[in-house]
Structures are given as structure tokens and as C-alpha cells.
Amino acid sequence: ASLGIVLLRSATPGPWMETTFELKQTVQGEVLLDTLKYRDRGAVSVFLDGALVAKEADGYAADVVPAQISLGQHALSAGNHTLRVQATGYTGDPEHCYAGIAALRIQPKGVPGGLAGQVFKLSWSDRTEVTTVGGAVTSQWRGPVRQGGKGVFFSFLAAGSAEQADACVRLDERRAFLRLPEPAIAEAATAEADLLVASAHRLTARGLRRYQPEGAPEPLVAAREPLALDWDFSSGRLSLSSTTANEVVVAGQKVALSAGEAQKVSLPLPTASLAQIQQALVAAEATAVRLRQEQQGTQASSFPPGLANLPVTTWAEKLSGIADMVAMPDGLAVAAGTSLRVFGLDGKVRWETATEGPIRVLHWWLEANLLLVGCRDEKVLAYDRTGALRWTFVSEMDPAVFRAAKTYWFKSAPGHEGIHGLYSGTFDGGEPRCFVGSACTLEVLDAKGGLVRRRPIFWGPGKLFAMLPRPDGKNELLIARWPNGTDNLAVVNPDTFADRRDYYGVPDGQTMVGGWTAQNRVSLIVQDVDGDGSQELVSATNGRWNRVTVFANDGTPRANAQFGPAGGTQFREYLRDLAVGDLDGDGKAEILVAEWGGLVVALDCACQRLWSYRCPAPPRSLCLVGKQILVGCDDGSLLVLGPEGQPTGQARVPGRIRWLVPLPGKQMAVGTDAGTVAVVPPVEGKD
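On a predicted model such as this, the values are computed, not experimentally measured, just so you know. (Residues numbered from 1 in each chain as written. Predicted model: local features only at pLDDT ≥ 70, side-chain atom pairs only at ≥ 80, totals over all residues. Heavy atoms only, no water.)

Undergrad: I'm lost on the overall build of the protein chain in this one. Help?
TA: Assigned secondary structure in the protein chain consists of two helices and 55 strands. For the protein chain, the spread of C-alpha atoms along the principal axes amounts to about 100 × 70 × 50 Å. Looking at the 687 residues of the protein chain, the share that counts as buried comes to 51%. When contacts within the protein chain are restricted to residue pairs at least 6 apart in sequence, those whose partners lie at least 24 apart make up 51%. Accessible surface computed for the protein chain: about 30,800 Å², of which carbon and sulfur atoms make up 51%. Seen as two clouds, the 67 positive and the 73 negative side-chain charges of the protein chain have centres 3 Å apart. (Helix = DSSP H or I, 4+ residues; strand = E, 2+ residues; numbered from the N terminus. Buried < 20%, exposed > 50% of the residue type's maximum accessible area, 1.4 Å probe, protein only. Contact = heavy atoms within 4.5 Å. Areas by Shrake-Rupley, 256 points an atom, 1.4 Å probe, with all protein chains shown as cover. Lys, Arg positive; Asp, Glu negative; His and termini not counted. Charge placed at Lys NZ, Arg CZ, Asp CG, Glu CD.)

Given below as C-alpha cells:
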């Protein structure tokens with residue numbers, strides 16, 4: 001209610017909400033539905049009096065954004081009418097397709113007003129990188145500078161939507177072209193004026209000393225001291241004010257001003273001066289259009305010139321709500337909603353099936369040769385390569401969680417239901433085991449789906465897993481939880497199944513920043529990063545504070561890179577992905593980090609920065625192929641970087657690239673939140 005909306009909380013496509021409204025008289029005009037976009041919204045279809053009037057409108061946005069859906073022009077008679085809004089698909093979030101409805105509006109023809117009159121666009125004179133985090137919009141300019149230099153940057157707020165042409169384009173260091181919406185030229189910090197805006201209808205200036213239209217033989221305005229001026233050309237009304245005693249000549253007429261005096265004068269603009277201003281505006285507009293087209297052409301490619309184009313083969317499009325993708329020995333499994341498809345390496349669907357509950361996570365169990373499917377209805381399904389269902393396991397919450405009596409951590413709590421993580425490996429006595437993460441519970445299964453052990457793991461569902469070998473050769477199980485209390489790892493003993501908390505903190509001399517339900521782990525990568533013969537854990541912490549840490553195999557934090565604070569706590573919101581590999585062949589691993597600001601950052605094994613590369617859009621996924629780095633970005637850009645961060649190849653697919661999955665034969669599968677599944681061939685490069 002505090003947001004002023006009605007929220008349809010739909011976890012799957014299909015549910016709808018309906019309301020009846022009454023009109024006292026017949027109304028004809030455009031029908032508009034006010035909505036509130038957010039990251040948990042999906043696609044909706046809208047029905048008016050039973051007729052479909054808007055199909056699959058996307059409600060997703062990275063932050064809270066008021067929006068509007070046009071339902072078309074209608075003549076609505078007096079009486080009762082019904083409005084139905086139905087969730088029809090996932091867009092940005094594979095677990096939610098909520099809809100937030102604020103109001104229904106009818107805009108009669110010829111009557112001004114409505115939400116459209118409250119929509120504004122902020123335009124910048126130079127290309128900037130705009131991000132929205134926690135409700136704050138940040139625009140970063142990264143143009144060239146020189147030490148001690150000064151510059152002028154123009155920004156302009158005007159009525160209009162994001163789809164309309166930019167209303168502010170730089171012409172030179174001190175001038176910009178504006179749309180008011182009529183064409184105008186702005187000048188700032190010049191010898192003639194502190195600020196001046198000239199159009200064919202008006203001249204407005206502050207700190208004005210002189211104004212001479214381009215092509216004019218003499219100044220139209222000349223003042224002895226700086227003054228403020230506003231001249232309406234249509235009516236001839238001229239307003240002048242000066243803080244000091246002043247004398248100004250305007251169109252040949254002298255006006256004397258006392259200190260602090262303001263005068264209003266009736267003075268028509270000479271026809272010749274108007275023609276000169278109009279000619280200057282025509283030339284400025286042509287220049288602005290050309291400059292913006294050049295900028296957009298550069299921005300549209302978003303890639304450095306000369307990059308190799310990677311051929312992309314599309315296997316599937318518009319799969320609603322892809323939840324996970326995983327490689328199999330002879331193909332690729334893709335989960336979307338309740339649909340499970342398995343593609344062969346030729347891109348053909350080998351088999352597919354539908355589950356009763358929406359799928360959240362997939363895992364290929366190598367030792368058992370099974371595809372594990374974790375669903376939000378608490379089931380784990382195990383399929384063989386042919387698609388035959390071998391067994392089903394139903395997860396239960398450990399009784400100790402019930403006894404803790406904190407219901408907001410139960411399976412019944414929103415967001416905690418179902419299976420959150422799946423993993424496999426040899427564990428107790430060297431046996432192959434499957435590990436199931438759910439609400440504060442770890443369940444260990446054998447290859448036939450039998451329960452070996454169930455244990456409470458407080459607080460939160462197990463989401464990410466890893467195995468770290470002990471000196472005796474046995475594997476300890478590491479578990480990262482989300483949602484969680486703190487982001488320390490649960491470490492499960494392979495002999496007793498007891499758990500402790502470890503792999504948390506930063507090295508001595510650095511500041512540790514934690515928080516309750518404020519941070520989550522991004523990848524748990526076990527590898528010998530420093531070449532000393534023992535395995536370390538590399539992990540990233542994402543959320544209110546962001547960092548990348550290397551831990552020794554006894555849990556001691558060995559090295560750390562602080563990435564600093566951020567505004568939210570969503571999973572992989574700021575630090576998005578992590579990859580580890582030896583890029584330079586020195587026997588020590590480099591650490592690659594994809595961060596929300598647009599950078600791929602390379603660190604050495606001591607977490608010292610080596611290089612960074614700015615992507616065309618914020619990177620979301622990383623994958624190493626030999627010494628080549630594949631980067632998937634939020635705008636659908638797929639980049640190939642060499643071991644020193646130099647771009648060597650590019651491709652583009654629809655949607656944000658959330659998955660990069662290596663396949664047998666060195667193909668790379670690409671998955672996006674727009675429902676695209678595609679592959680690119682083996683990446684060539686100099687290792």
C-alpha cells in the first residue's frame with residue numbers, strides 16, 4: 001500500500017487479478033495502465049471487458065521504475081467494465097513474474113494531462129555510462145582530460161520519453177544544441193556570457209556581455225557590465241537586470257540601468273537578426289544530427305574496430321524464464337519454468353519433459369551418470385541420458401529447524417521454498433554422494449536417491465557448494481547459503497557430518513566489513529592459485545560490501561581485494577562472476593572478476609590488480625577457454641579477451657547473458673534472460 005500499487009504475486013505464469021470499475025458516462029480516448037516496474041516483475045497481458053488489449057508487456061527493470069502500458073483507443077460506455085491483468089511469462093527473474101498495477105487512466109482526445117505530461121528525459125551532451133542502483137541514477141563520463149584543464153558539461157531536462165531523440169548534443173567545447181522542443185543553441189562559460197540560450201522565439205542569458213548571431217555584422221546585444229536578459233521575440237517583451245550600474249545596447253537601442261535595477265522594455269527583434277538566428281539554428285541542428293549519428297554508430301557496435309565476428313548458432317529462442325543450464329557429456333540441459341530440454345551437440349532436442357513444479361537448479365552427477373533437477377516443489381528428479389526418470393527424492397526440512405521456531409527461515413517462508421542447490425562428489429568413505437541444499441537443511445543422497453544423512457545448516461538454504469581436500473585426502477564439503485544470516489561458509493566433516501563455520505574474514509591489517517543478510521558469495525573455486533602444491537579457495541563476496549578473497553585450505557584468509565560498498569543485497573548484483581586460471585603460463589593463477597560498473601578486472605594470486613577492461617555493458621558472466629576469456633554482458637554482447645585483457649572477438653545475442661557453459665568439443669553455450677540459447681564455435685587464440 002505504501003507504494004500505491006496492487007501487487008500480483010505470481011511465481012509462475014498463469015495467475016491473474018481482475019477488478020470492476022464504473023463509468024458514469026461514455027468516455028472515448030486512450031486507455032492507459034500505470035505500472036511499477038521492478039526486478040521481480042515479469043510479462044503480463046491485459047484484458048479489457050474480456051478482449052486482449054496488451055500482450056506480454058515486460059514489467060522487468062533493474063530498479064523501481066514507474067511505467068505505463070497503452071491499452072489503445074476505446075469508446076467505453078457508461079456502466080461497469082472489467083480489467084484483468086494476467087502473468088504470462090518470466091523476463092528478468094526466472095523465479096518471479098509479479099505485476100505491480102498503480103492505476104487505470106482514460107485520456108480523452110484533445111484533453112491535456114495524464115501521466116505522459118509528467119514524463120521527462122535527462123539528456124547529456126556527451127556519451128556517458130548510466131547505471132541505476134538503489135533508486136539512484138549515476139552518470140559517469142570517461143572522456144579525455146588534461147592536467148589542470150577545465151571543461152563545460154551540458155545536461156538538459158525536458159519533457160519526453162526515453163525513446164525520443166536526445167535533447168542535448170555537444171557542438172564544441174562551449175556550445176551545445178538543445179531541443180526545447182524547438183531548436184536552440186546553448187553557450188556556457190564564454191567571454192560573451194556565463195550562460196546563454198538562443199532559439200527562434202527567445203533569447204535568455206545570465207552574465208551576458210555580448211551576443212552576436214553567427215553571420216551578423218555587429219552585436220545584437222552589447223553590455224558594459226554582465227547582466228541578466230530575457231527577450232521574447234514573439235511579443236517583443238525585453239527584461240533586463242543588473243547588479244551594478246550598467247549600460248546596454250540592444251538592437252541599436254540604448255538602455256541605462258542603475259545598480260540592482262530591473263527594467264522591462266518593448267522592443268521587436270529586427271527581421272534581419274531573426275533570419276541570422278534561424279540560419280545559425282539550422283546549421284547547428286544539422287551538425288548535432290551528424291555528431292549524434294556518429295556517436296550512436298560507435299555505441300551501436302559497442303566494440304573496438306577490427307574485432308573478429310564470432311559465428312552464433314541459435315538453438316532456441318524466447319524460452320520463458322530460463323532458470324539454469326548445465327553441460328552433459330553429449331549435450332546441454334536447459335530448464336525454463338517447468339520445461340526441461342536436452343539438446344544434442346548438433347543443436348537438436350534429444351528429449352524433453354515437463355515437471356510438476358518450476359525448476360530452480362540443474363546439476364550433472366558425473367559419477368552416477370545422472371541429470372539432477374531441483375524444483376521449487378521440494379523434489380529432486382534424476383534422469384539418465386535417454387530421459388528416463390530413475391528416481392525422485394522429496395526434500396524435508398530437518399526437525400532441528402522446526403525446533404528453532406524461526407518461521408522466516410522455514411520452507412514455508414517466501415523465497416525459501418524448494419531446492420536451492422545441488423552438488424555431487426566423493427565424500428564419506430569415498431562414496432559418490434549427491435548434496436541437496438534447501439531451507440537450513442543439507443540432505444546427502446546415494447546414487448539411487450536414498451537418504452544417507454539429513455542435517456540442519458543454519459541459517460539459510462545451501463546454494464553454492466565446493467569440495468576442498470584435507471591433508472588426509474578426504475574431501476570437506478563447503479556450503480554457501482543464500483538467503484543467509486552471514487556469508488561465512490558451512491564446512492561439513494566427511495567422517496562425522498558435523499559442521500563448523502569458516503572461510504570468512506580478511507587478512508590481518510585489512511578492514512573486515514560484514515553484515516546480517518547483507519552479503520552473499522559468488523562462486524567457490526578450489527584451485528592451487530600460487531603454485532605451492534596445496535589447494536586454496538577463491539571466493540567473492542557480493543552485497544553491501546564487495547571483495548575477492550583467497551583462503552588457505554585451513555580457512556585462513558591469505559589475500560584480499562576490496563571492491564568497496566554498494567547499495568543492495570541481491571545475489572550477484574555487484575560482483576557478478578569469478579573465473580580462475582593461469583593466463584601467463586607462470587604456474588600461478590590469475591583471478592578474473594566481473595563487476596557491475598562495467599569492468600572485467602584481473603588480479604594476481606595475491607589479489608593485486610594486473611589489468612582491467614571496460615566492456616560495452618556491465619559484464620554478467622565469465623568463462624575461461626584455455627587462456628582466452630569469454631565475457632557475457634547485460635546488453636547481449638559476447639566478448640573474447642586475450643590473457644592481457646585485449647579484445648580479440650565479439651558476437652551479440654538478444655538479452656542479458658547469464659550463462660556461459662563449455663560444451664564437449666570446445667563449443668560454448670550461451671544463455672540469456674530473454675530466452676535465447678545459442679552456441680559459438682571453439683575460440684581461437686594464442687595461448
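Undergrad: Help me understand the pattern of salt bridges, please; the structure alone is not making it clear to me.
TA: Side chains that differ in charge, positive against negative, can pair when their charged atoms come close. Following the criterion strictly, the structure yields 38 salt bridges and no others. We note a salt bridge from Arg360 to Glu95, for which the minimum N-O separation is 2.5 Å. Placement of the pair is Arg360 in strand β29 (residues 359–365) and Glu95 in the loop between β7 (79–89) and β8 (99–108), with a sequence separation of 265 residues. For Arg360, a relative accessible area of 6% puts it in the buried group. Overall, the relative accessible area of 21% leaves Glu95 in the partly exposed class. (Salt bridge = Lys/Arg side-chain N within 4 Å of Asp/Glu carboxyl O.)

Undergrad: Is there a simple way to think about the pairing of strand β36 (residues 451–456) in this case?
TA: As a general feature of sheets, a regular strand has side chains that alternate between the two faces. One ladder, built from five bridges, connects strand β35 (residues 441–445) with β36; its direction is antiparallel. Note that in β36 the partner of Glu443 across the bridge is Arg454. (Pairing = 2+ DSSP bridges.)

Undergrad: What exactly am I supposed to notice about the side chain of Asp502 here?
TA: Structurally, Asp502 can be placed in strand β40 (residues 499–502). Classification of Asp502 by relative accessible area gives buried; the value is 18%. For Asp502, the residues in contact, after removing those within four places along its chain, are Asn488, Leu489, Val491, Asp554 and Gly555.

Undergrad: What's the story with the sheet that holds strand β26 (residues 331–336) in this structure? I'm lost.
TA: Strands pair in a sheet through their backbones, by hydrogen bonds, and they do so in one of two ways: parallel or antiparallel. Taken in spatial order, the four strands of this open sheet run β25-β26-β27-β28, and their pairing is antiparallel. Looking along the sheet, the strands with just one partner apiece sit at the ends: β25 (322–328) and β28 (349–354). Shown here is a sheet whose adjacent strand axes are inclined to one another by a mean of 15 degrees, direction ignored. Of the pairings in the sheet, the one linking β25 to β26 comprises six bridges and is antiparallel in character. What sits directly across from Met325, in β26, is Val334. (Axes fitted to C-alpha atoms, helices over the stretch in contact; angles between N-to-C directions.)

Undergrad: Help me understand the packing of aromatic side chains in this model?
TA: Here the structure, examined in full by the defined rule, presents 13 aromatic pairs. Ring plane angle 40 degrees and centroid distance 5.5 Å describe the contact between Trp351 and Tyr383, whose orientation is recorded as tilted. Taken together, the residues span a long stretch of sequence, with Trp351 in strand β28 and Tyr383 in strand β31 (residues 379–383) at a distance of 32 residues. For the pair Trp351 and Tyr383, one class covers both residues: buried. Centre to centre, the rings of Tyr408 and Trp409 are 6.2 Å apart; their planes meet at 55 degrees, and the pair counts as tilted. Following the ring pairs from residue to residue traces out a cluster consisting of Tyr423, Phe427, Phe435, Phe465 and Phe497. The ring of Trp16 carries Arg84 above its face, with NZ or CZ at 3.4 Å from the centroid. Sitting above the plane of the Phe571 ring, Lys463 keeps its charged end 4.8 Å from the centroid. (Phe/Tyr/Trp six-rings, centres within 6.5 Å; stacked < 30°, edge-to-face > 60°. Lys NZ or Arg CZ within 6 Å of the ring centre and 35° of its normal.)

Undergrad: In this structure, what is going on with the sheet that holds strand β32 (residues 389–394)? I would like to understand it.
TA: What the four strands build is an open sheet, ordered β29-β30-β31-β32; its pairing is antiparallel. On the outer flanks of this sheet lie β29 and β32, each paired with one strand and no other. With direction set aside, neighbouring strand axes in the sheet form an average angle of 20 degrees. In this structure, β31 lies alongside β32, joined through five bridges in antiparallel fashion. Bridge pairing in β32 places Ala382 opposite Trp391.

Undergrad: Would you explain the nonpolar core in this entry?
TA: A general trend in soluble globular proteins is that nonpolar side chains are found buried together. By size, the foremost hydrophobic cluster in this structure holds 33 residues, and its most contacted members are Leu203, Leu208, Tyr211, Val221, Leu229 and Trp231. The greatest single-element share of this core, amounting to six residues, is contributed by helix α1 (residues 271–301). Among the nonpolar cores identified, the runner-up in size contains 22 residues, and Phe21, Val44, Ala57 and Leu83 belong to it. (Core = buried A, V, L, I, M, F, W, Y, C linked by side-chain atoms within 4.5 Å.)

Undergrad: I'm lost on a nonpolar patch on the surface in this one. Help?
TA: Taken together, Phe120, Leu122 and Leu157 make up a surface patch of nonpolar side chains, about 310 Å² in accessible area. With respect to the helices and strands, Leu157 occurs in strand β12 (residues 155–159). A relative accessible area of 55% means that Leu157 is categorised as exposed. (Patch = residues over 30% accessible without salt bridge, like charges linked within 9 Å, V, L, I, M, F, W, Y side chains within 5 Å.)

Undergrad: Got a minute to help me understand the environment of Gly59 in this structure?
TA: Of note, Gly59 is situated in the loop between β5 (51–58) and β6 (65–76). It is 52 Å that separates the C-alpha atoms of Gly59 and Pro268, two residues lying 209 residues apart in sequence. The contacts of Gly59, once residues within four sequence positions are left out, are Lys37, Tyr38, Arg41 and Gly42.

Undergrad: What's the story with the environment of Leu610 in this structure? I'm lost.
TA: Structurally, Leu610 can be placed in strand β48 (residues 609–614). Sequence separation between Leu610 and Gly449 is 161 residues; the distance between their C-alpha atoms is 46 Å. Contacts of Leu610, omitting those with residues within four sequence positions, involve Glu590, Ala602, Leu603 and Asp604.

Undergrad: In this structure, what is going on with the environment of Pro619? I would like to understand it.
TA: Assignment of secondary structure puts Pro619 in strand β49 (residues 619–625). On a C-alpha basis, the gap between Pro619 and Pro664 in space is 24 Å, while along the polypeptide they are 45 residues apart. Ignoring any residue separated from it by four or fewer positions in sequence, one finds Pro619 in contact with Arg576, Ala594, Glu595, Gly598, Leu599, Val600, Val631, Gly632 and Cys633.

Undergrad: Looking at this structure, I do not really get unusual backbone geometry. What am I missing?
TA: The general pattern is negative phi for most residues beyond glycine and trans for most peptide bonds. Following Phe458, the chain continues to Trp459 via a peptide bond in cis, the omega torsion being -15 degrees. Here Trp459 shows up in the loop between β36 and β37 (462–469). Positive phi, close to 55 degrees, is recorded for Asp49, a residue that is not glycine. With a phi close to 80 degrees, Glu378 is a non-glycine residue in the positive phi region.

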